[in-house]
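Descriptive structure summary
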Amino acid sequence: MTDWEQVVEELQEAGYSGFEFESGETAVPGLSGEWIAGDIVREGGLRRENQSLWIRIWDSLPGSGGAVSTNPEAAPESIRNIAKRHELEIVTISVKKGSVRIALCDSSAKPSA
C-alpha cells in the first residue's frame, strides 16, 4: 500500500507542491486505482525543444492547448525517481502551454466504494 503522505512530502522537497490524492476509474489511459495529481512547469523532457518534431509542430498550433510526449521518461528526473522508489506509474493527464498535469498512480490499488 502506498504511503501517499510520504510521496507528497518527497515531491514538495523536490520543489513540486500542490499534488492532491484522488482515486477511482477515469477515461485517461493508465489512470485508475489511487493516485496523486498536480501541475508542474514544463521543464526538462517536457519542454517544447525536447519533444519530437511532430509534437513540437502540434504544440505550436494556435488553439491546440499544448502537446507533449506521454512517455514517462519525459517527466523530470526527480519525479521519475520518486515514482520508481514508490513503484508508481507516471501518467500525463493534460497539457497547457506552460505546464503539464501529471499523476503518480498506483493502479494496483482498488478504490474504495
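The present account deals with the structure reproduced in this document. Keep in mind the model is a prediction, meaning the values are calculated, not measured. (Residues numbered from 1 in each chain as written. Predicted model: local features only at pLDDT ≥ 70, side-chain atom pairs only at ≥ 80, totals over all residues. Heavy atoms only, no water.)

Mapped onto the elements of the fold, Ser32 is located in strand 2 (residues 32-41). When residues no more than four places from it in sequence are discounted, the contact partners of Ser32 are Gly24, Glu25, Cys105, Asp106 and Ser107. (Helix = DSSP H or I, 4+ residues; strand = E, 2+ residues; numbered from the N terminus. Contact = heavy atoms within 4.5 Å.)

Right, let's talk about a negative patch on the surface for a bit. Where like charges cluster on the molecular surface, the negative patch consists of Asp3, Glu5, Glu9 and Glu13. Topologically, Glu9 is positioned in helix 1 (residues 4-13). (Patch = residues over 30% accessible without salt bridge, like charges linked within 9 Å, V, L, I, M, F, W, Y side chains within 5 Å. Areas by Shrake-Rupley, 256 points an atom, 1.4 Å probe, with all protein chains shown as cover. Salt bridge = Lys/Arg side-chain N within 4 Å of Asp/Glu carboxyl O. Lys, Arg positive; Asp, Glu negative; His and termini not counted. Charge placed at Lys NZ, Arg CZ, Asp CG, Glu CD.)

Going through the model one piece at a time under the given rule, you end up with 4 salt bridges. Residue Arg101 pairs with Glu22 through a salt bridge whose shortest N-O separation is 3.7 Å. In this pair, Arg101 sits in strand 4 (residues 99-106) while Glu22 sits in strand 1 (residues 20-25), placing the two residues 79 residues apart along the sequence. On the basis of relative accessible area, Arg101 is assigned to the partly exposed category, the value being 24%. Overall, the relative accessible area of 33% leaves Glu22 in the partly exposed class. Here Asp39 makes a salt bridge to Arg101, at a shortest N to O gap of 3.4 Å. (Buried < 20%, exposed > 50% of the residue type's maximum accessible area, 1.4 Å probe, protein only.)

Among the secondary structure elements, Ile57 is positioned in helix 2 (residues 53-60). In sequence terms Ile57 and Ala67 are 10 residues apart; their C-alpha atoms lie 8.9 Å from each other.

With that out of the way, let us pick up the packing of helix 1 against helix 3 (residues 77-85). Contact geometry of helix 1 with helix 3 gives a least axis separation of 10 Å together with a crossing angle of 160 degrees. As judged from the angle between their axes, helix 1 and helix 3 are roughly antiparallel. Helix-helix and strand crossings are classified by hand; for helix 1 and helix 3 the assignment is right-handed. Between helix 1, through Val7, Glu10 and Leu11, and helix 3, the contact on the second element is made entirely by Ile79, Ile82 and Arg85. Broken down by class, the residue content of the contact of helix 1 with helix 3 amounts to 4 nonpolar, no polar and 2 charged. (Axes fitted to C-alpha atoms, helices over the stretch in contact; angles between N-to-C directions. Parallel < 35°, antiparallel > 145°, perpendicular 65-115°, else oblique. Left-handed = near helix turned anticlockwise from the far one by under 90°. Nonpolar A, V, L, I, M, F, W, Y, C, P; charged D, E, K, R; others polar.)

Moving on to a nonpolar patch on the surface. A cluster of nonpolar side chains, namely Leu53, Trp54, Ile57, Trp58 and Leu61, defines an oily patch on the protein surface of about 580 Å² accessible area. Locating Leu61 in the fold gives a position in the loop between helix 2 and helix 3. Note on Leu61: relative accessible area 35%, which makes it partly exposed.

So, to be careful, I would describe these as geometric facts and stop short of saying anything about function.
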